[in-house]
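Take a look at the letters that make up each chain.
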Amino acid sequence: MTTTDTTPHEIGVGLISVGWMGQLHSRAYSSIPVIYPELGIRPKLVIAADTNPDRADYAVDVLGYGSGTTDYRDVLDHPGVDVVSVCAPNFLHEEIGTAVARAGKSLWIEKPVGRSAEETQAVADAADAAGIVTAVGFNYRNAPAIEYARRIIAEGQLGRIINVRGAFFADYSAEPNGALSWRFVRNLAGSGVLGDLLGHLTDLAHYVVGPIDRVTGVSNTAYTERPKLEMGSGTHFSVVEGGEMAPVENEDYAGLLVHFGAGAQGAGAVGTLEASRVSVGPRAEYSFEVYGTEGSLRWNFERMNELELALGYRGPHVGFTRIMSGPEFGDFSKFQPGAGTSMGYDDLKVIEAKKFLRAHIGEDSAHADVHDALAANRVVYAGEQAIANQDWRAVEPVEGTSASKRHEPVRAEKAVPHG
């Protein structure tokens, strides 16, 4: 739905943590009037908080916030703030997320919302009790090719879904001397690649196919020690030569076998979901494949503007055909004039900001929220238990997720057939 109200909606923005992701949120907000002028939404960057004073100053001097602070509570107390972006490390998510809810501000928070299912539940409960709008940074579901894939599946063009394969493989920790950032410490991050990458992948599976209801798996840690890094002085991409070593407390690789339950487009389907942060070769090879009785599709974030599609199993053109994202794919036409001119990662965050702000002003907006985060976190938590106990674990369902709201067919024509 596009708003017909011509009155501009000025929305005051507060930011907590001015690192890479906080800067990305800020740029996304600033892009809304340019990319989506018809919405009449005008975000105003009001105040940003970071424990590092230099970053708080950067928010004012470079990003354009009205003021900066080293205390996140100043953001919540500011009368001009309507919505809050939380881009702080995982171990602060429960504390800050629940505080935002108590302050009555709309919340856009990065994943994982909590280090555990209990922490995520606490944020969800606080948000529900306060009646606030929430959004969670599951940005990969916003890729136009993924939106198109979801529609094809919802329309039944792949037939009955049989199996799914997802692999989120990255090399950001493949360097043995990669710094021991907070991501490798259990009481700061929670799980390792399970919460970091498999959380994203699980949401993608929920969004495109449907809810996972049971799981088993394996995991390992390739590098059991890494050189220490002072908090706030670098990232998990930093390399430290000759530093003091400390133990890595969570997993570098995890693989899950999953079963899709009732309510899924592929109820009864099975799949494999893998994630690694130490793969040598893949840079950000986040791939997702869906196989059905009438067709299949596959997507890879490293080539995010492409979708490989196979429809039918007879004829001279059986097999995958590469399709470039174009105006028929999600929000693609808001960023580029035609297929072949590619969108980028930052654009996905602009789409995410648009969905969040539309929800804030009361419009329908299919966006990931805390209930989706809880659903993904419960799969991750069940996976951790299954790995520890070497058994299968049931996943407790979550009601009211945006992923459970299936697409209605929006046009009569089918995707390009080739069989």
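Calculation notes
- Residues numbered from 1 in each chain as written.
- Predicted model: local features only at pLDDT ≥ 70, side-chain atom pairs only at ≥ 80, totals over all residues.
- Heavy atoms only, no water.
- Helix = DSSP H or I, 4+ residues; strand = E, 2+ residues; numbered from the N terminus.
- Rg over C-alpha atoms; globule rule 2.2 N^0.38 Å.
- Buried < 20%, exposed > 50% of the residue type's maximum accessible area, 1.4 Å probe, protein only.
- Contact = heavy atoms within 4.5 Å.
- Domains from an automatic or database assignment.
- Buried area = accessible area lost by both parts, 1.4 Å probe.
- Salt bridge = Lys/Arg side-chain N within 4 Å of Asp/Glu carboxyl O.
- Polar contact = N/O pair within 3.5 Å; in protein donor to acceptor, adjacent residues only side chain to side chain.
- Nonpolar A, V, L, I, M, F, W, Y, C, P; charged D, E, K, R; others polar.

The name an unreviewed UniProt entry assigns to the protein is 1,5-anhydro-D-fructose reductase, from the organism Brevibacterium casei.

Caption draft 1: Quick peek at the overall build of the protein. Within the protein, the secondary structure is distributed over 10 helices and 17 strands. What you see for the protein is a C-alpha radius of gyration of 21 Å, in line with the 22 Å of a compact globule of 419 residues. Dimensions of the protein, computed from the C-alpha atoms along their principal axes, are close to 65 × 55 × 40 Å. Per-residue burial over the protein gives 57% buried out of 419 residues. Put simply, of all contacts in the protein between residues at least 6 apart along the chain, 73% involve residues at least 24 apart.

Caption draft 2: Local environment of the side chain of S17. Here S17 lies in the loop between β1 (9–16) and α1 (20–35). When its relative accessible area of 13% is taken as the criterion, S17 is described as buried.

Caption draft 3: Local environment of the domain arrangement of the protein. Taken domain by domain, the protein holds domain 1 (9–136) and domain 2 (140–394). Each of domain 1 and domain 2 has a C-alpha centre, and the two are 23 Å apart. On the side of domain 2, 39 residues touch domain 1, which itself brings 46 residues to the contact. Interface of domain 1 and domain 2: buried area, both sides summed, is about 3600 Å²; carbon and sulfur atoms make up 67% of it. For D346, the salt bridge goes to R27, with nearest N and O atoms at 3.1 Å. The tally of links between domain 1 and domain 2 comes to 19 residue pairs in polar contact (both at pLDDT 80 or more). If you list the elements that add at least two residues to the side of domain 1 that touches domain 2, you get β1, α1, β2 (41–49), β5 (106–109), α5 (117–130) and β6 (134–136). Per-element accounting of the side of domain 1 that touches domain 2 gives the leading share, 10 residues, to α1. Considered class by class, the residues forming the side of domain 1 that touches domain 2 number 26 nonpolar, 11 polar and nine charged.

Caption draft 4: Summary view of the environment of E274. Locating E274 in the fold gives a position in strand β12 (residues 270–276). Given a relative accessible area of 25%, E274 falls into the partly exposed group. Each C-alpha atom, one on E274 and one on L201, is 8.4 Å from the other, the two residues being 73 residues apart in sequence. Residue contacts for E274: discarding those within four places in its chain leaves G166, A167, F168, F169, L198, L201, Y253, A254 and G255. Looking at E274, its side chain comes within polar contact range of the side chain of Y253, at 2.6 Å.

Caption draft 5: Structural context of unusual backbone geometry. Residue P112 follows K111 across a cis peptide bond; omega there is -10°. When you line up the elements, P112 lands in the loop between β5 and α5. Even without glycine at this site, S17 takes up a positive phi of about 90°. Phi is positive for Q390, which is not a glycine, with a value near 55°. Note that Q390 resides in the loop between α10 (370–389) and β17 (393–394).

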